[in-house]
Amino acid sequence: MTKCTRSDLWLQYSYPIGVASIVVISVCTAEYLRRNVRMSDLEATLTTLNNTINNTITDYTPAFGSLEDKSQLLHGVEIQIMGRSYVLPDDQAMFERDVESFLWFSYRRNFRAIGGTTYTSDRGWGCMLRCIQMLYSHTLIRHNFSRDWRWTKCSTYNSILRDFLDDPNGLYSIQQIAKAGCSAGKDVGTWFGPNTAAQSIRILTEFHKELNLTVQVVMDNFMCIEDIKFFCKEDDVTWTPLLLIIPLRLGLSECNNIYIDNIKHCFEIEQSVGAVGGRPNSAFYFIGYQNDKLLYLDPHVTQESLCPDGIDLDNIPDETYHTTKVDVLPWDQLDPSIAVAFYCKTEESFDDLCSQFQETITAGSGSLFEMVKTRPAYMTPPRRTPIDKLLENYSAEYDEVNTEDAASDSDGFEIISNS
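Description of the structure in this document. (Residues numbered from 1 in each chain as written. Predicted model: local features only at pLDDT ≥ 70, side-chain atom pairs only at ≥ 80, totals over all residues. Heavy atoms only, no water.)

The next subject is the nonpolar core. Among the nonpolar cores identified, the biggest contains 67 residues, and I81, F95, Y136 and Y285 are the most heavily contacted of them. Per-element accounting of this core gives the leading share, 10 residues, to helix 4 (residues 127–144). Ranked by size, the runner-up nonpolar core spans 39 residues in total, among them L248, L294, L334 and C354. (Core = buried A, V, L, I, M, F, W, Y, C linked by side-chain atoms within 4.5 Å. Buried < 20%, exposed > 50% of the residue type's maximum accessible area, 1.4 Å probe, protein only. Helix = DSSP H or I, 4+ residues; strand = E, 2+ residues; numbered from the N terminus.)

This is the structure we're talking about:
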């Protein structure tokens, strides 16, 4: 117990052990009224205390390269990560090498303010943006290398990482994704759900045709194979590699157990590039599973932003963009709003993915979504959105944006509301 003499607040707290912290604050209302402490003094004290607590909890340097704290992962039980299987402890080295090869994006502070706002950190609201950065960066690694690429510095890798740095000019920076979210109706500083994050990255990809990549977001749990191929073959001949993102709804307030096996099947597929979702109030990048627990990379670590100015962009100091720390989330804690994603470099790969969907993920009572080969007669044929129309929606000035920190669940069926 520590007495805060200025406003007679009694505070009971425990110091953090690793990342986890428990903070319990009780206000002695009667004592406060008796002493007649000014409200301004109370607010100042609480603000200072809140900042101290937040900094204590989230501002630390993560440890890299150790599985010592991964007691949550069971030995002798198979782990599936995007088409790769591991059993600890025998496969520990290969498991760590695989995990650390993902680009890990977390909260950052002291980056250049986002447009006309005062936001220089995304802590507290940007976790889903960081998750979609992780998913998309892994897609670009698969696009340029392969599933079995392992973290090695080279010009192509540096080019990918450079596009995600916290720089307004970065193609997929926090600033750019936040701006794309504005065109989707989400203000800077508000929390994204999986669908908004997917739509934002789709918009940004449309601006960079040189990538030779298309992003398609399946809506309303309905996928038409003919329509997907329409967008991947603009000249009706040449296939454009595809990132397919499928937002799902697995229940009302909690996940229905009927879907668990098919969600796990998603991570067994070679074309999988993971999923974005989380638990209520937190977003994670899911990369695999063990038993009925999902494995994820956690963006809820606040680190100093790496400013592109003054660093060698051909040899970016990237140690804080990789980690071997994997957390697990039990199925019963998963928020029912999640988006699974798959990368298909060729049309043959997409056809194979659809065959696997038909055999497992869209079959039976636990079907995740409906899939048809050809477009039903009642459906409107798809249209390609002209780039000038996208630019018209995208180029809204930041100073017109409402930047109040207000959570919203208006993003379709999304429930994840804050981070």
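Note that the residue after L88, namely P89, is joined by a cis bond; omega there is 5°. Structurally, P89 can be placed in the loop between strand 5 (84–87) and helix 3 (92–100). The backbone phi angle of M82 is positive, close to 45°, even though this residue is not glycine. Residue placement: M82 occurs in the loop between strand 4 (78–81) and strand 5. Assessed through its relative accessible area of 0%, M82 is described here as buried. Look at N212: it is not a glycine, yet its phi comes out positive at around 55°. Mapped onto the secondary structure, N212 falls in the loop between helix 7 (194–206) and strand 7 (214–217). When its relative accessible area of 41% is taken as the criterion, N212 is described as partly exposed.

A separate point is the pairing of strand 11 (residues 282–290). Among the nine residues that make up strand 11, nine are buried, leaving the element largely enclosed by the rest of the structure. Direction of pairing for strand 4 relative to strand 11: antiparallel, over a ladder of three bridges. Across the sheet, residue I81 finds its bridge partner in strand 11, namely G288. With five bridges connecting them, strand 10 (residues 272–279) and strand 11 associate as antiparallel partners. Bridge pairing in strand 11 places G277 opposite F284. Adjacent in sequence and paired antiparallel, strand 10 and strand 11 are bridged by two residues, among which N281 carries a positive phi angle near 85°. Both strand 11 and strand 12 (residues 293–297) contribute to a ladder of five bridges, which runs antiparallel. Residue pairing across strands places Q290 opposite K293, the latter belonging to strand 12. Linkage of strand 11 to strand 12, two consecutive antiparallel strands, is achieved through a turn of two residues, within which N291 is found at a positive phi near 55°. (Pairing = 2+ DSSP bridges.)

Moving on, we get to the pairing of strand 9 (residues 242–249). The buried fraction of strand 9 amounts to eight of the eight residues, a majority that puts the element mostly inside the structure. Residues L242, L244, I246 and L248 line one face of strand 9 and the alternating positions L243, I245, P247 and R249 line the opposite face, and both faces are buried. Direction of pairing for strand 7 relative to strand 9: parallel, over a ladder of four bridges. The residue bridging V217 from the neighbouring strand is I245, located in strand 9. Direction of pairing for strand 9 relative to strand 15 (residues 337–344): antiparallel, over a ladder of eight bridges. Residue pairing across strands places I245 opposite A341, the latter belonging to strand 15.

Let us look at the environment of Y343. With respect to the element layout, Y343 can be found in strand 15. In this structure, the C-alpha to C-alpha distance between Y343 and V273, residues 70 residues apart in sequence, is 6.4 Å. Apart from the residues within four sequence positions on either side, Y343 is in contact with T139, R142, H143, L213, P241, L242, Q271, V273 and S349. (Contact = heavy atoms within 4.5 Å.)

The contact between helix 8 (residues 225–232) and helix 10 (residues 347–361) brings their axes to 12 Å, and the two run at 160°. Here helix 10 runs roughly antiparallel to helix 8, going by the angle between their axes. In this structure, helix 8 meets helix 10 at a crossing whose hand is right-handed. Where helix 8 approaches helix 10, its residues I225, I228 and K229 are matched on the opposing element by E347, F350, D351 and C354. (Axes fitted to C-alpha atoms, helices over the stretch in contact; angles between N-to-C directions. Parallel < 35°, antiparallel > 145°, perpendicular 65-115°, else oblique. Left-handed = near helix turned anticlockwise from the far one by under 90°.)

Mapped onto the elements of the fold, D332 is located in the loop between strand 14 (327–330) and strand 15. Residue classification places D332 among the exposed residues on the basis of a relative accessible area of 65%. D332 sits 75 residues away from N257 along the chain, and the two C-alpha atoms are 8.3 Å apart.

The next thing to look at is the packing of aromatic side chains. As enumerated under the stated definition, the model contains 17 aromatic pairs in all. Here a set of aromatic residues connected by ring pairs shows up, and it is made of F105, Y136, F164, Y172 and Y321. We note R108 situated over the ring of Y321; from NZ or CZ to the ring centre the distance is 4.3 Å. (Phe/Tyr/Trp six-rings, centres within 6.5 Å; stacked < 30°, edge-to-face > 60°. Lys NZ or Arg CZ within 6 Å of the ring centre and 35° of its normal.)

Enumeration according to the criterion identifies 16 salt bridges in this entry. Residue E304 pairs with R109 through a salt bridge whose shortest N-O separation is 3.0 Å. Placement of the pair is E304 in strand 13 (residues 303–304) and R109 in strand 6 (residues 108–109), with a sequence separation of 195 residues. With a relative accessible area of 41%, E304 lands in the partly exposed category. We classify R109 as partly exposed; its relative accessible area is 25%. (Salt bridge = Lys/Arg side-chain N within 4 Å of Asp/Glu carboxyl O.)

Relative to the elements of secondary structure, S272 occurs in strand 10. The exposure class assigned to S272 is buried, which follows from its relative accessible area of 1%. Within the structure, the side chain of S272 is placed 3.2 Å from the backbone nitrogen of G274, a separation counted as a polar contact. The residues contacting S272, other than those within four sequence positions of it, are M82, R142, C266, F267, A341 and F342. (Polar contact = N/O pair within 3.5 Å; in protein donor to acceptor, adjacent residues only side chain to side chain.)

Read these as spatial facts, not as claims about activity.
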